[in-house]
Amino acid sequence: MSIEDFLGELPLVDHHVHGALRDDVGRDALERMLTESDRPIPAGTTQFDSQIGFAVLRWCAPVLGLEPHASPEDYVRRRTELGTAEVNRRLLAASGTGHYLLETGYRGDDILGPAEMAAAANARVDEIVRLEAVAEELAASQVSAREFVRRYPEVLAERTADAVGLKSIVAYRYGFDFEPHRPDGSEVEVAAGKWLRTTEEAGTSRLDDPVLLRFLLWSGIDRGLPLQLHTGYGDPDLRLNRCDPLLLADWLELVEPSGVDVLLLHCYPYHRHAGYLAQVYPHVYFDVGLGINYTGVRSAALIAESLELAPFAKILFSSDAWGPAELHHLGALLWRRGMARVLGTWVADGDWAATDAIRVAGMIGGGNARRVYRLPGGEGAAR
Amino acid sequence: MSIEDFLGELPLVDHHVHGALRDDVGRDALERMLTESDRPIPAGTTQFDSQIGFAVLRWCAPVLGLEPHASPEDYVRRRTELGTAEVNRRLLAASGTGHYLLETGYRGDDILGPAEMAAAANARVDEIVRLEAVAEELAASQVSAREFVRRYPEVLAERTADAVGLKSIVAYRYGFDFEPHRPDGSEVEVAAGKWLRTTEEAGTSRLDDPVLLRFLLWSGIDRGLPLQLHTGYGDPDLRLNRCDPLLLADWLELVEPSGVDVLLLHCYPYHRHAGYLAQVYPHVYFDVGLGINYTGVRSAALIAESLELAPFAKILFSSDAWGPAELHHLGALLWRRGMARVLGTWVADGDWAATDAIRVAGMIGGGNARRVYRLPGGEGAAR
Amino acid sequence: MSIEDFLGELPLVDHHVHGALRDDVGRDALERMLTESDRPIPAGTTQFDSQIGFAVLRWCAPVLGLEPHASPEDYVRRRTELGTAEVNRRLLAASGTGHYLLETGYRGDDILGPAEMAAAANARVDEIVRLEAVAEELAASQVSAREFVRRYPEVLAERTADAVGLKSIVAYRYGFDFEPHRPDGSEVEVAAGKWLRTTEEAGTSRLDDPVLLRFLLWSGIDRGLPLQLHTGYGDPDLRLNRCDPLLLADWLELVEPSGVDVLLLHCYPYHRHAGYLAQVYPHVYFDVGLGINYTGVRSAALIAESLELAPFAKILFSSDAWGPAELHHLGALLWRRGMARVLGTWVADGDWAATDAIRVAGMIGGGNARRVYRLPGGEGAAR
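Everything numeric in this text was worked out from a predicted model, so none of it was measured.

Draft legend 1. Highlighting the relation of the copies chain B and chain C. Between chain B and chain C, the superposition needs a rotation of 120° and an axial shift of 0.0 Å, giving an RMSD of 0.0 Å. The operation mapping one copy onto its partner corresponds to a three-fold rotation axis. Residue B:Ala301 of chain B places its C-alpha closer to the rotation axis than any other residue of that unit, at 5.9 Å. Mapped onto chain C, only 3% of the interface residues of chain B are again interface residues, and the two copies thus contact each other with different surfaces.

This is the structure in structure tokens:
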């Protein structure tokens, strides 16, 4: 079997992804979901003129029954004609993803929940729970600071009874240059009191206090599930230079004795740094999702760069798709295509054995996720 | 029409460039203008043994009537034989650049001014004015601190009456880790007083006070013209790690409401960071000029890396040439050659449509600059 | 002669390398020497599933008489069967390295010393002395603080009487964000007193005081030999973001007047930063050893990235091998293979002349090292 054929048929485990869109969208709304910018599309430009825009028109158009390289107008017209439910069904099915680990903590009302995703994609879905979302829900329930500190671990345990992993967005809310140690209880209680007063007064519940963010992280470590961290590239709510995973080294060393695995998500443009951490720390893993979608045809180069220092057992596949099912589809398609190109070249040049290429593709496409998250079929991946 | 043919004939807008040499130069002087180092060429080495040196001998030699890969000796001899005026004429004409946006603030006596460049290149020339140069000229006119603060915006307005853009070298004079807010008037006046005394005593006028540099930047924003910022790679007068454009994020957000476009120049090795900023902020643009020249045959890889996150409407072409017309010529030639190779591969592999490749080449080669700087022919670039 | 043939036969100068293993090793010990991690190999994974692991099985297996892409089991069995002395002999001979500059300061009991390496490899060996090792040996001899300060330069002179260069691991012991100036004598004496007391009490002699590390560096500069600096990638004893060579700029400028050459080792993932420094500072050189071994088939991309800004006279070859002779062999083989691929493509595309490619390969493979370290045959490398 060729590496291309193997990759074409491999049922993927998408270890970090969000739900597909619930409602129909027009062109402007669609364009705004094809960028990490939270600003309006600049006048006189279109987000279709980008790597991800070109990839949508090239690869998703045929799934909707259009020619490759359709015009944006034709594409949006066809999308509307089919309706979001049918668009979801087609693009999710064509992605060949067999198992989604769905992170449910961001704008959940706009997108499909776990059961709906499972139905729309005809695939298995497990849940990843966002630490900050659980804290913000708890804060909305009128708890005192002391109760917040006491109850958060309990609520987290309840909320994650059936989850397979946790996620933190400390990168967005503060950055990775946080004090790495576990904060003590009184420190946390003071910070919680301040935050709860602020949220009550302001009518908002955005948690961005660094002491509380650390409390959440360490509570997550105590919970014992694999912990995902948003890393690198994201919307301008973050400061990219403070999301370099190298800043996490001290914290990673403190976490190491717990035995909890840490999964660095996305990582662009710091994916080589993530590969370094994945080599030197036994509990560190990473993926280059998000970047694969957004760099379109350049994703093959990104994939190649991700295959340098990290042992192959430490690299995972994700799409980080949120919303338009184009993102779920492209995440899988561009990964398959990029892996086939990169690994295929190495085999053709005689550097890699074909059987090894197939084995590594299977590890990154699903085997590693099954092992780390203890999913069905996750035993015995090593040779 | 093939993408190669299209690129070969495209009249470029070089949106950041300086004048060509005025006088003849010998081998040592020429070598020292083919590096960003301001030090003598190390004994036992030659700057011709570098990517840019090899590119000169490969691509400029034929324009001067020599074989490709001429020896440095033959090349310098032929250059001297022809004389700088003829060398300029040949290399500028062969570059196929139709419109230069000429930055006039650096060692203007050694190079051609706007009218001379227009004549030598038989091309249109508009001016970009350097904020720091205007301030240093004003300081030399014996103003008081109070007058400096009051008059700088007026003098800038006069000096830029016919200019199409501004330029700042805060990267050289301080770094991008400056306090981002607009400084208040009294703070500026104190800083100006101190600087004017120092310049008088020292007989120099180099402006490197961070408060004054911020005052210039914000005065530039008030002027309302597109603002270019030296970013990344340059001579050792700067500290490269303090020229990472990600350090500008807070300042960019403060500038955003003004509606002024910010153009990050060069950016190597932080061009992926620049691409990120260009995606998430509507008013941010960038180029990979300078790096294209200095990396020679590797410029195709650099161009490919610049085509990742940024929407294609946010990327521009420049040479950043200063002095030897080899730099003006190579900036254009290596960009055309690199774009043809990169985009041509994507078309051949079926990832991009040929018509899109041609359209994107036209946007980056000139269309985007015409839109941002409101040059003739700059309307309606979006599809 | 083709560039491939030339590279295949070029006797290399490996300007930074350690001794080959003295004793036989089993599979677990071998795997742990094929990673920069100092942790056990994570359960359920093997370091053979990595770029370096695949490279060993692909390229070293045939040297030991196995088929390419041997299984780890077969490879380890065959290695044990042959014994380490024969494995060393075969792999070192096949590397085609003619001259090793051997750094002797790390775990010297486990590996071959200079004379043993010369015998095992049938090659010339010169020594590079580690500044920190000399200081730690001196501390173990019961000196007072004052004696330490006075005697260190003397001991260093004695210890390096026949050495060709020095090495510092300040990157590991502190980071490059150290205060760049030469510390004054009383400051050094106070720091020495504190350190000597600590080492006596703790029974260890690890030197990590920043004042003393600077004292060593400046004593090294005074010694006048070329000075190697560990840069970038290494084991988790360092903080990678504090090993970015751009942090050295102020110190490099202070060192510049001394005329001492500084060689930045490894540099991954900051090799583009090193290339910048090598262009702008006359006394700065770099290599991408270590990274070449660890990125396996991706080393061609790494080599290409190292050939951007730096003049070709400023780039060197090293393997940074320590221990398993697989690392000595792969360092040379992957460099030859990567250079042949990269330079061969440039020649085939008409960008470089074949004679230039051969000349540059000779410079990086040995000529530059001979010039910098004043080795036999080191004169007249420039054209």
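Draft legend 2. Layout of the relation of the copies chain A and chain B. Laying chain A over chain B is done by rotating through 120° and shifting 0.0 Å along the axis; what remains is an RMSD of 0.0 Å. The share of interface residues of chain A whose copies in chain B are also at the interface is only 3%, consistent with the copies meeting through different surfaces.

Draft legend 3. Seen up close, the interface of chain A and chain B. Across the contact, 39 residues belong to chain A and 35 residues belong to chain B. A combined buried area of about 3300 Å² lies between chain A and chain B, and 53% of that area is made up of carbon and sulfur atoms. Considering only the surface of chain A that becomes buried against chain B, A:Asp49, A:Phe54 and A:Arg298 emerge as the three largest contributors, covering 19% of it. Taken together, the links from chain A to chain B amount to 9 salt bridges. Our count for the chain A to chain B interface comes out at 21 residue pairs in polar contact (both at pLDDT 80 or more). Of all the secondary-structure elements, those providing two or more residues to the side of chain A that touches chain B are helix 3 (51-63), helix 14 (291-295) and helix 16 (325-348) of chain A.

Draft legend 4. The pattern of salt bridges, seen in detail. Inspection of every chain in the model, using the stated rule, returns 105 salt bridges over all chains. Between A:Glu136 and A:Arg173 there is a salt bridge, and its shortest N-O distance comes to 2.7 Å. Taken together, the residues A:Glu136 in helix 7 (residues 131-139) and A:Arg173 in helix 9 (residues 170-173) connect sequence positions 37 residues apart. Looking at A:Arg173, the relative accessible area reads 14%, which means it is buried. Salt bridges sharing partners connect three or more residues here, namely A:Arg272, A:Glu308, C:Arg298 and C:Glu305.

Draft legend 5. Representation of the domain arrangement of chain A in the model. All names here are of chain A. The domains assigned to chain A are domain 1 (3-24 + 95-177 + 216-373) and domain 2 (26-82). Using C-alpha coordinates to define each centre, domain 1 is positioned 25 Å away from domain 2. Together, the buried faces of domain 1 and domain 2 total about 1700 Å²; carbon and sulfur atoms form 67% of this surface. When the buried surface of domain 1 facing domain 2 is broken down by residue, Tyr294, Glu326 and Leu330 rank first, second and third, together holding 33% of it. Along the contact surface separating domain 1 from domain 2 lie 1 salt bridge. For Arg79, the salt bridge goes to Glu326, with nearest N and O atoms at 2.7 Å. Those elements that provide at least two residues to the side of domain 1 that touches domain 2 are helix 14 and helix 16. Per element, the largest residue contribution to the side of domain 1 that touches domain 2 is 8 residues, and it comes from helix 16. Here the residues of the side of domain 1 that touches domain 2 are counted per class, giving 14 nonpolar, 5 polar and 4 charged.

Draft legend 6. Structural view of the sheet that holds strand 1 (residues 12-17) of chain C. Residues and elements named next belong to chain C. Pairing in this open sheet of 8 strands is parallel, and the strands run 1-2-3-4-5-6-7-8 from one edge to the other. Every other strand in the sheet has two partners, leaving strand 1 and strand 8 (315-316) as the edge strands with one partner each. Helix-sheet contacts for helix 13 (residues 271-280) involve strand 6 (262-266) and strand 7 (284-287), and the interaxial angle to strand 7 is about 150°. Against the sheet, helix 16 (residues 325-348) contacts strand 1 and strand 2 (97-103), and its axis sits at roughly 130° relative to strand 1.

Draft legend 7. Quick look at the interface of chain B and chain C. Contact residues are listed per partner, giving 39 residues for chain B and 35 residues for chain C. Of the roughly 3300 Å² buried between chain B and chain C on both sides combined, carbon and sulfur atoms contribute 53%. Area buried by chain B at its contact with chain C is led by B:Asp49, B:Phe54 and B:Arg298, which between them contribute 19% of it. On the surface where chain B and chain C come into contact, there are 9 salt bridges.

Draft legend 8. Inspection of the packing of helix 5 (residues 84-95) of chain B against helix 16 (residues 325-348) of chain B at higher detail. Residues and elements named next belong to chain B. Contact pair helix 5 / helix 16: the axes reach a minimum separation of 8 Å and the direction vectors enclose 15°. Relative to helix 16, the element helix 5 lies roughly parallel. The hand of the helix 5/helix 16 crossing is left-handed. Residues Val87, Asn88, Leu91, Leu92, Ala94 and Ser95 of helix 5 touch helix 16, and the partners they reach there are Ala325, Glu326, His328, His329, Ala332 and Arg336.

Draft legend 9. Fine view of the UniProt feature "domain: Amidohydrolase-related" (unreviewed entry) in chain A. UniProt records the feature "domain: Amidohydrolase-related" (unreviewed entry) for residues 214-375 of chain A in the present numbering. In residues 214-375 of chain A, the share of helix is 51% and the share of strand is 10%. The end C-alpha atoms are 28 Å apart.

Draft legend 10. Focus on the side chain of A:Arg371. Locating A:Arg371 in the fold gives a position in helix 17 (residues 354-372). Within the structure, the side chain of A:Arg371 is placed 3.0 Å from the side chain of A:Asn368, a separation counted as a polar contact.

Draft legend 11. Spatial organisation of the pairing of strand 6 of chain C. Residues and elements named next belong to chain C. When you tally the buried positions in strand 6, you get 5 out of 5 residues, the bulk of the element. In this fold, the crossover linking strand 5 (residues 227-231) to strand 6 by way of helix 12 (residues 249-255) has right-handed handedness. Note: strand 6 against strand 7, 3 bridges, orientation parallel. Bridging from a neighbouring strand, Val262 pairs with Val284 of strand 7. Regarding the hand of the β-α-β motif, the stretch spanning strand 6, helix 13 and strand 7 is right-handed.

Draft legend 12. How the structure looks around the sheet that holds strand 1 (residues 12-17) of chain A. Residue and element names in this part refer to chain A. Spatial ordering of the open sheet is given by 1-2-3-4-5-6-7-8, a layout of 8 strands whose pairing is parallel. Each edge of the sheet is formed by a strand with only one pairing partner; in this case those strands are strand 1 and strand 8 (315-316). Relative to the sheet, helix 6 (residues 114-121) contacts strand 2 (97-103) and strand 3 (124-130), its axis offset from that of strand 2 by approximately 160°.

Draft legend 13. Layout of helix 7 (residues 131-139) of chain C. Burial of helix 7 of chain C is extensive: 8 of the 9 residues sit out of reach of the surface. Taken together, the buried positions of helix 7 of chain C are C:Leu131, C:Glu132, C:Ala133, C:Val134, C:Ala135, C:Glu136, C:Leu138 and C:Ala139.

Draft legend 14. Molecular detail of the packing of aromatic side chains. Using the criterion set out here, one finds 45 aromatic pairs over all chains in the structure. Here the aromatic rings of A:Tyr233 and B:Tyr276 are separated by 5.8 Å at their centres, their planes lie at 85°, and the arrangement is edge-to-face. Taken together, the residues span two chains, with A:Tyr233 in the loop between strand 5 (227-231) and helix 12 (249-255) and B:Tyr276 in helix 13 (residues 271-280). The exposure classification of A:Tyr233 matches that of B:Tyr276, with both residues buried. Ring centres of B:Trp218 and B:Trp251 lie 6.4 Å apart, and the angle between their planes is 70°; this geometry places the pair in the edge-to-face category. Here B:Trp251 lies in helix 12 (residues 249-255) and B:Trp218 lies in helix 11 (residues 210-223), a separation of 33 residues in the sequence.

Draft legend 15. Expanded view of the nonpolar core. Core analysis: the biggest nonpolar cluster contains 409 residues, and A:Phe148, A:Trp251, B:Phe148, B:Trp251, C:Phe148 and C:Trp251 have the highest contact counts within it. Dropping the residues within four chain positions of it, B:Trp251 is found in contact with B:Phe178, B:Pro180, B:Leu217, B:Trp218, B:Ile221, B:Leu227, B:Leu229 and B:Val262.

Draft legend 16. A look at unusual backbone geometry. Cis rather than trans, the peptide bond between B:Tyr268 and B:Pro269 has omega equal to 0°. With respect to the helices, strands and loops of the structure, B:Pro269 is situated in the loop between strand 6 (262-266) and helix 13. Located in the positive-phi region is A:Leu290, a residue other than glycine, with phi close to 70°. Structurally, A:Leu290 can be placed in the loop between strand 7 (284-287) and helix 14.

Draft legend 17. Spatial organisation of the layout of surface pockets. Taken as a whole, the largest pocket holds about 1300 Å³ of empty space. A:Arg298, B:Arg298, B:Ala301, C:Arg298 and C:Ala301 are, among the 33 residues lining the largest pocket, the residues nearest its centre. Grouping the constituent residues of the lining of the largest pocket by class yields 18 nonpolar, 3 polar and 12 charged. Within this model, the second largest pocket holds a volume of roughly 920 Å³. Lining the second largest pocket are 33 residues, and of these A:Tyr270, A:His273, B:Tyr270, C:Tyr270 and C:His273 lie nearest its centre. Broken down by secondary-structure element, the contributors of at least two residues to the lining of the second largest pocket are helix 13 (271-280) of chain A, helix 13 of chain B together with helix 13 of chain C. Within the lining of the second largest pocket, the residues separate by chemical class into 9 nonpolar, 9 polar and 15 charged.

Cut-offs and rules
Residues numbered from 1 in each chain as written. Chains lettered and ligands numbered in written order. Predicted model: local features only at pLDDT ≥ 70, side-chain atom pairs only at ≥ 80, totals over all residues. Heavy atoms only, no water. Least-squares fit on C-alpha atoms with pLDDT ≥ 70 in both. Contact = heavy atoms within 4.5 Å. Buried area = accessible area lost by both parts, 1.4 Å probe. Salt bridge = Lys/Arg side-chain N within 4 Å of Asp/Glu carboxyl O. Polar contact = N/O pair within 3.5 Å; in protein donor to acceptor, adjacent residues only side chain to side chain. Helix = DSSP H or I, 4+ residues; strand = E, 2+ residues; numbered from the N terminus. Buried < 20%, exposed > 50% of the residue type's maximum accessible area, 1.4 Å probe, protein only. Domains from an automatic or database assignment. Nonpolar A, V, L, I, M, F, W, Y, C, P; charged D, E, K, R; others polar. Pairing = 2+ DSSP bridges. Axes fitted to C-alpha atoms, helices over the stretch in contact; angles between N-to-C directions. Parallel < 35°, antiparallel > 145°, perpendicular 65-115°, else oblique. Left-handed = near helix turned anticlockwise from the far one by under 90°. UniProt positions renumbered as here; feature names shortened; annotations may be inferred. Right-handed = clockwise from strand over helix to strand, strands pointing away. Phe/Tyr/Trp six-rings, centres within 6.5 Å; stacked < 30°, edge-to-face > 60°. Core = buried A, V, L, I, M, F, W, Y, C linked by side-chain atoms within 4.5 Å. 1 Å grid on protein atoms, 1.4 Å probe; cavity = no way out; pocket = protein on both sides within 12 Å on 5 of 7 lines; lining within 4 Å. Points joined across faces, edges and corners; volume = space filled by probe spheres on them.

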